[in-house]
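# Structural description and commentary
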Amino acid sequence: MTDQKVDDLKIQTLGEKARVEIQGLRPYQPGKPIDELAREFGLNASDIVKLASNENPIGPSTKAIAAMEKEARELTRYPDGNGFDLKQALCQKLTTDTVVIKPENVTLGNGSSDILDFIVKCFVARGDEVVFSQHAFAIYGLVTKIQGGECKVVPAKNYGHDLIAMAAAITNKTRLVFVTNPNNPTGTWLTQTDIENFMAKVPSNVVVVLDEAYFEYVNETDYCDGLTLLAAYPNLVITRTFSKAYGLAALRVGYGISAPEIADLMNRVRPPFNVNSFALAAAIATLSDDDYVAESKAVNDTGMVYLTQSFDVLGLPYIPSVGNFISFEIPVVDGSAVNANVINASIVNERLLAMGVIIRPIANYEMPNHLRVSIGTQTENETFIAALAKILTAANS
Ligand SMILES: *Cc1c(COP(=O)(O)O)cnc(C)c1O
């Protein structure tokens, strides 16, 4: 046997030695990076429009950049492992006349995905059930399976969460429920009444994670602010992030707000120094930059109107969204009329890529006929719509 073959054999054997929970997993599929598409199609990276990961299109807050430049001089030091200053800033920001948030309610994460992972590690053992909705964020299933938990996926209603069915899906094996508000990739949202009625039905020994990654974008007056329910429900964890409206996706920083008892548990599984010093400094700086968040929202609101009007003009159905993204449908044409020009969501996606436009196919969310596009700047949105219109026109001719 050659050395190479011996090595291959060793690798195969090690793969089989991995925990069975890991053997069947597939890595999380992120949006295609700009440089990767540029290499694949021989395009100029600067000509590519990426609307695939719900990133903030206006660039980071200048205050965040200044804070990071200052922090660069302290690179030899470990970051503050307790994130004291960021926790203080969050408490100040989130405390209102009716809601008091203290540092002991806060857990900091390397992105809010980190918090989702901690909460599953704290509560889910092999065979325990975790309830979440069909078409919900892919990370829930991934972190649950890594722990050996069982995913109980509840069918969606009009693409949104069916909270009545989700409450009914809870059994004595259920440890955790994920509720996403608004949901990604559908953009659907739940009202204060929806969530209050749901929480009233959930047993107090089942933890509910309310993922509010897009909280800052929502304009609906009846939208649920999870923080208002914390005092009544010690089994509630709210997760939010600096990756979206705060424009710091690359730095990886998010947080959980919960009763101190749950925060204490999460801190036991949290890796030391999980949030780096650039992320801490930039998050504090952006948190106080109200103009930046207001501008991000304004760009999003304008872009949402432009995209939905354009889909109407193009005759493409879409799911009304309150986030910074929208999922639209490429209706399936009857396959029996086999026609060289027949297209579907996957073909549209491929053709957009060839034209330098990256959006997100969501077949892995059981939505094979939909594509999700993040709201970009007006120029990016126009580039996307022009490319889409061209593809549809070519297909119809
Ligand atoms: C983007 C997103 C997150 C946040 O991810 P980070 O790890 O904070 O970057 C969490 N939940 C949902 C539903 C999301 O779409």
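Looking at an unreviewed UniProt entry, one finds the protein chain named Histidinol-phosphate aminotransferase, with Oleispira antarctica RB-8 as its source organism. Note on the protein chain: under the UniProt heading Cofactor (unreviewed entry), the record states "pyridoxal 5'-phosphate". The Pathway (unreviewed entry) comment attached to the protein chain in UniProt states, word for word, "Amino-acid biosynthesis; L-histidine biosynthesis; L-histidine from 5-phospho-alpha-D-ribose 1-diphosphate: step 7/9."

## Here we look at the overall build of the protein chain
The helix and strand tally for the protein chain stands at 14 helices and 12 strands. Scaling as 2.2 N^0.38, a compact globule of 397 residues should have a C-alpha radius of gyration of about 21 Å, and the protein chain matches this with 22 Å. Its C-alpha atoms give the protein chain principal-axis dimensions of about 60 × 60 × 50 Å. In the protein chain, the share of contacts with a sequence separation of at least 24, taken over all contacts with a separation of at least 6, comes to 73%. Of the roughly 19,000 Å² of accessible surface on the protein chain, a fraction of 54% belongs to carbon and sulfur atoms. Both charge centroids of the protein chain, one from 33 positive and one from 45 negative side chains, sit 6 Å from each other.

## A word on the packing of helix α6 (residues 112-123) against helix α7 (residues 138-146)
Running from N to C, α6 and α7 point in directions that differ by 35°, and their axes come no closer than 9 Å. In terms of crossing hand, the pair formed by α6 and α7 is right-handed. Contact residues: α6 offers L116, D117 and V120, while α7 offers I139, Y140, V143 and T144. Considered class by class, the residues forming the contact of α6 with α7 number 5 nonpolar, 1 polar and 1 charged.

## A look at helix α12 (residues 290-314)
Residues spaced three or four apart along an α-helix point in a common direction, a consequence of the helix completing one turn every 3.6 residues. Under the 1.5 Å per step criterion, the end-to-end length of α12 is 36 Å for 25 residues, consistent within 8% with the ideal 36 Å. Where α12 is buried, its residues touch α11 (277-287), β9 (325-329), β12 (370-374) and α14 (378-396). Once α12 ends, the next one or two residues include G315, with phi positive near 75°.

## With respect to the sheet that holds strand β11 (residues 360-361)
Backbone hydrogen bonds hold the strands of a sheet together, and the pairing may be parallel or antiparallel. Reading across from one edge, β9-β12-β11 is the order of the 3 strands in this open sheet, with antiparallel pairing throughout. For this open sheet the edge positions go to β9 and β11, each flanked by a neighbour on one side alone. Relative to β12, β9 runs antiparallel, the two sharing 5 bridges. Bridge assignment links F328 to a residue of β12, and that residue is L371.

## Overview of the domain arrangement of the protein chain
Under the domain assignment used here, the protein chain contains domain 1 (34-58 + 291-396) and domain 2 (64-288). For domain 1 and domain 2, the distance between their C-alpha centroids amounts to 28 Å. Taken together, the contact pairs 23 residues of domain 1 with 25 residues of domain 2. Summed over both sides, the interface of domain 1 with domain 2 buries roughly 2,100 Å², with 60% coming from carbon and sulfur. The largest per-residue losses of area from domain 1 upon contact with domain 2 belong to K297, V322 and Y365, which jointly make up 32% of the total buried on that side. Where domain 1 packs against domain 2, one counts 0 salt bridges. Only α12, β9 and β12 provide two or more residues apiece to the side of domain 1 that touches domain 2. In terms of residue count, α12 provides more of the side of domain 1 that touches domain 2 than any other element does, 6 residues in total. Looking at the side of domain 1 that touches domain 2, its residues break down into 9 nonpolar, 10 polar and 4 charged.

## Overview of the packing of aromatic side chains
Overall, the coordinates contain 13 aromatic pairs when judged by the stated rule. Taking the centre distance of 4.9 Å and the plane angle of 65° together, the rings of Y214 and F325 count as edge-to-face. A residue pair is termed long-range when its members are at least 10 positions apart, and Y214 in the loop between β6 (207-211) and β7 (236-241) and F325 in strand β9 qualify at 111 residues. Each of the two residues, Y214 as well as F325, counts as buried. With a centroid separation of 5.9 Å and 55° between ring planes, the pair formed by F242 and Y255 is classed as tilted. Here the residue F242 occupies a position in the loop between β7 and β8 (254-258), and Y255 occupies one in strand β8, the gap between them amounting to 13 residues. Using a relative accessible area of 0% as the deciding quantity, one classes F242 as buried.

Thresholds, definitions, all that
- Residues numbered from 1 in each chain as written.
- Predicted model: local features only at pLDDT ≥ 70, side-chain atom pairs only at ≥ 80, totals over all residues.
- Heavy atoms only, no water.
- UniProt positions renumbered as here; feature names shortened; annotations may be inferred.
- Helix = DSSP H or I, 4+ residues; strand = E, 2+ residues; numbered from the N terminus.
- Rg over C-alpha atoms; globule rule 2.2 N^0.38 Å.
- Contact = heavy atoms within 4.5 Å.
- Areas by Shrake-Rupley, 256 points an atom, 1.4 Å probe, with all protein chains shown as cover.
- Lys, Arg positive; Asp, Glu negative; His and termini not counted.
- Charge placed at Lys NZ, Arg CZ, Asp CG, Glu CD.
- Axes fitted to C-alpha atoms, helices over the stretch in contact; angles between N-to-C directions.
- Left-handed = near helix turned anticlockwise from the far one by under 90°.
- Nonpolar A, V, L, I, M, F, W, Y, C, P; charged D, E, K, R; others polar.
- Expected span 1.5 Å × (residues − 1).
- Pairing = 2+ DSSP bridges.
- Domains from an automatic or database assignment.
- Buried area = accessible area lost by both parts, 1.4 Å probe.
- Salt bridge = Lys/Arg side-chain N within 4 Å of Asp/Glu carboxyl O.
- Phe/Tyr/Trp six-rings, centres within 6.5 Å; stacked < 30°, edge-to-face > 60°.
- Buried < 20%, exposed > 50% of the residue type's maximum accessible area, 1.4 Å probe, protein only.

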